[in-house]
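Observations on the model geometry
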Amino acid sequence: MAQFFRRLSSSSVTAAAAAAALLGSGAAIRSAFASHREAPVETRPSAVIPRTSLAAWAAASSGDGRPGASGGEQQAAGVSNYRERRFQDFASVEFEGVPYMTPQDFLESVTQDRPRYRKRRLVLSQSELASALYKTPSRWWASSKLFRSLGSDGIISYAEYLFLLCILAKPKAGFEIAFKMLDLAKNQRVDKREFTVLNKMMSRQPGDLQPIDIDDMTPVQDTTLMLHFFGRSGNDKLDFKEFSKFMNNLQTEVLEIEFAEFSRGLQTISESEFAQVLLRYTHLSDENQQVYLQRVKEKLVREEGIKFEDFRLFFQFLNHLEDFTMAMKMYSLAGHSISQEEFQRAVKACVGYTLAPHLVATVFLLFDKDDDGHLSYHEFLSILKDRLRGLSSRPASTDTATEKFKRCVGQQMREES
């Protein structure tokens, strides 16, 4: 899957609102955390893997309306939403009755329509899990190939899956505000206990404003993310600069995978393939997607190709889509239609840089329904917001080989007619 991204120079306003919505009552959280500040933080050797307690609040994050349900109870009662269903579909391992993704599973969940075939989940023993987690590198080994290098060595909980999706679809500003709220020591760093609260806040469902009970956060199962950020002892501290680097690397890693799918080893992808990526994960039917793609093919005068860096910057801009929406509304209120120059000006206000001109021209070909050289920005925003939602909420594809063959033949006939 290709990834996603949104917010503006007025990001401090938008991000603050977003952070407030995600955090619920900031004062309540801070006071709750302060009241537990002196409680001893449990540490343990990496070889000792205690049972997770994430399931209790993973249920709340799933939006199933049944906070406190355990992982086993959730499975017994049935999966209640697309995100949870997708997690269950792609999670290939299990420990003490709780399903987990491996790093490879997570990458596949955001880049593939459906999980690879397997008869059942691999049930890990305590020693097998300890051995897999031992391979987790420290955060000093920062790389955009972290998840690919780990492969099946490691585990990611459901709550962390939601948190990672937030990293792929939210701007840094919201995370930075959350970091500052939790940094009671004012040392620009958070510890494992504080980060667990951040994980909970950023992965909770919109509208969930319930104060966070710190007691529900502990003890937390050691996972790949926890070991990567806080070391085997759990006593390391994480500053926002390091976390920001992790965010950039994860976004880049996922985008590299999607870009490589289309580039097939070349340095660029075509404008038509870029348009195809943009429409991916939306709820547009195949027929409607073809209408958009045909518009690009017919109007494109000269194919330049799109390099990965331009591709990456565009999708990171999408993380600021809420701020861009605000800028577009300002143009709309002033009675302006949106030209490419005005589009670039709004992008720069949101993210501090402009996009490759021929990439923006492709976006305009895709969303210029009237052929007047201006953006149908309501449609643009609607479809790209749909894409961001579709990344994490679409169910695994159930297409059969026959259905895919029929669709392929239908597309070929349309192109020849």
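Residues numbered from 1 in each chain as written. Predicted model: local features only at pLDDT ≥ 70, side-chain atom pairs only at ≥ 80, totals over all residues. Heavy atoms only, no water.

1. Section: the nonpolar core
Counting residues in each nonpolar core, the largest one holds 46 residues, and the members touching the most others are Phe 274, Leu 278, Phe 311, Phe 314, Phe 324 and Phe 343. Looking at this core, the elements with two or more residues in it are helix H13 (240–263), helix H14 (271–279), helix H15 (286–299), helix H16 (308–317), helix H17 (321–333), helix H18 (340–351), helix H19 (357–367) and helix H20 (377–393). In this structure, Phe 343 is in contact with Phe 317, Phe 324, Ile 338, Leu 355, Val 360, Phe 364, Leu 375 and Phe 380, ignoring residues within four places of it in sequence. If you look at the next biggest cluster of nonpolar residues, it comprises 40 residues, including Leu 146, Leu 168, Phe 175 and Leu 182. (Core = buried A, V, L, I, M, F, W, Y, C linked by side-chain atoms within 4.5 Å. Buried < 20%, exposed > 50% of the residue type's maximum accessible area, 1.4 Å probe, protein only. Helix = DSSP H or I, 4+ residues; strand = E, 2+ residues; numbered from the N terminus. Contact = heavy atoms within 4.5 Å.)

2. A few points about the confidence of the model for the protein chain
Scored by pLDDT, the protein chain has a mean of 74; 67% of the residues are at 70 or more. Scored below 50 in pLDDT, residues 1–78 makes 220 contacts in the model with residues more than four places away or belonging to other chains. Counting interchain partners and residues more than four positions distant, the pLDDT-below-50 stretch residues 394–406 has 24 contacts. (pLDDT = per-residue confidence, 0-100.)

3. A word on the packing of aromatic side chains
The full count for this structure, using the stated rule, is 32 aromatic pairs. Ring centres of Phe 163 and Phe 195 lie 5.5 Å apart, and the angle between their planes is 85 degrees; on these two criteria the pair is classed as edge-to-face. One end of the pair, Phe 163, is in helix H9 (residues 158–169); the other, Phe 195, is in helix H11 (residues 192–203), with 32 residues separating them in the sequence. Accessibility classification places Phe 163 together with Phe 195 in one group, the buried group. Look at Phe 274 and Phe 311: their rings are 6.5 Å apart centre to centre, the planes differ by 75 degrees, and that puts the pair in the edge-to-face class. Residue Phe 274 is found in helix H14, and its partner Phe 311 is found in helix H16; the two are separated by 37 residues along the sequence. Grouping residues by exposure puts Phe 274 and Phe 311 together as buried. The ring of Trp 140 is capped by Arg 139, whose NZ or CZ atom sits 4.7 Å from the centre of that ring. (Phe/Tyr/Trp six-rings, centres within 6.5 Å; stacked < 30°, edge-to-face > 60°. Lys NZ or Arg CZ within 6 Å of the ring centre and 35° of its normal.)

4. A word on the sheet that holds strand E3 (residues 122–123)
Strand order in the open sheet formed by three strands is E2-E1-E3, and the pairing between neighbours is mixed. The open sheet has two free edges, formed respectively by strand E2 (98–100) and E3, since each of these has just one partner strand. For strand E1 (residues 93–95) and E2, the ladder comprises three bridges, and the chain directions are antiparallel. Paired with Glu 94 across the bridge in E2 is Pro 99. (Pairing = 2+ DSSP bridges.)

5. Concerning the side chain of Ser 109
Looking at the element boundaries, Ser 109 is found in helix H6 (residues 103–111). A relative accessible area of 0% means that Ser 109 is categorised as buried. In terms of polar contacts, Ser 109 uses its side chain to reach the backbone carbonyl oxygen of Phe 106, at 2.6 Å. (Polar contact = N/O pair within 3.5 Å; in protein donor to acceptor, adjacent residues only side chain to side chain.)

6. Observations regarding unusual backbone geometry
The residue Glu 96 is not glycine, and still its phi comes out positive at about 50 degrees. Topologically, Glu 96 is positioned in the loop between E1 and E2. With relative accessibility at 35%, the residue Glu 96 sits in the partly exposed group. Of note in this structure, Arg 264 is not a glycine but carries a positive phi near 50 degrees. The topology assignment puts Arg 264 in the loop between H13 and strand E6 (268–269). The class of Arg 264 is exposed, set by a relative accessible area of 59%.

7. Focus on H6
The element H6 is extensively covered by neighbouring structure, given that eight of its nine residues are classed as buried. Listed in full, the buried residues belonging to H6 are Pro 103, Asp 105, Phe 106, Leu 107, Glu 108, Ser 109, Val 110 and Thr 111.

8. Some words on the packing of H6 against H9
Between H6 and H9, the least distance of the axes is 12 Å, while the angle of their chain directions is 50 degrees. Here H6 is positioned oblique relative to H9, judged by the angle of their axes. Seen from above, H6 lies across H9 with right-handed handedness. Contact residues: H6 offers Phe 106, Ser 109 and Val 110, while H9 offers Tyr 161, Leu 164, Leu 165 and Leu 168. Counted by class, the contact of H6 with H9 contains six nonpolar, one polar and no charged residues. (Axes fitted to C-alpha atoms, helices over the stretch in contact; angles between N-to-C directions. Parallel < 35°, antiparallel > 145°, perpendicular 65-115°, else oblique. Left-handed = near helix turned anticlockwise from the far one by under 90°. Nonpolar A, V, L, I, M, F, W, Y, C, P; charged D, E, K, R; others polar.)

9. Thoughts on the pattern of salt bridges
Taken as a whole and assessed by the stated rule, the structure comprises 13 salt bridges. Residue Arg 116 is joined to Glu 108 by a salt bridge in which the shortest nitrogen-to-oxygen separation is 2.1 Å. Judged by its relative accessible area of 54%, Arg 116 is exposed. The buried category is assigned to Glu 108, whose relative accessible area is 9%. A salt bridge links Asp 236 to Arg 139, with the nearest nitrogen and oxygen atoms 3.9 Å apart. In this pair, Asp 236 is assigned in the loop between helix H12 (224–230) and strand E5 (238–239) and Arg 139 in the loop between helix H7 (126–134) and helix H8 (146–150), connecting sequence segments 97 residues apart. For Asp 236, a relative accessible area of 32% corresponds to the partly exposed category. For Arg 139, a relative accessible area of 12% gives the class buried. Among the charged side chains, a salt-bridge network with shared partners connects Arg 139, Asp 236 and Glu 242. (Salt bridge = Lys/Arg side-chain N within 4 Å of Asp/Glu carboxyl O.)

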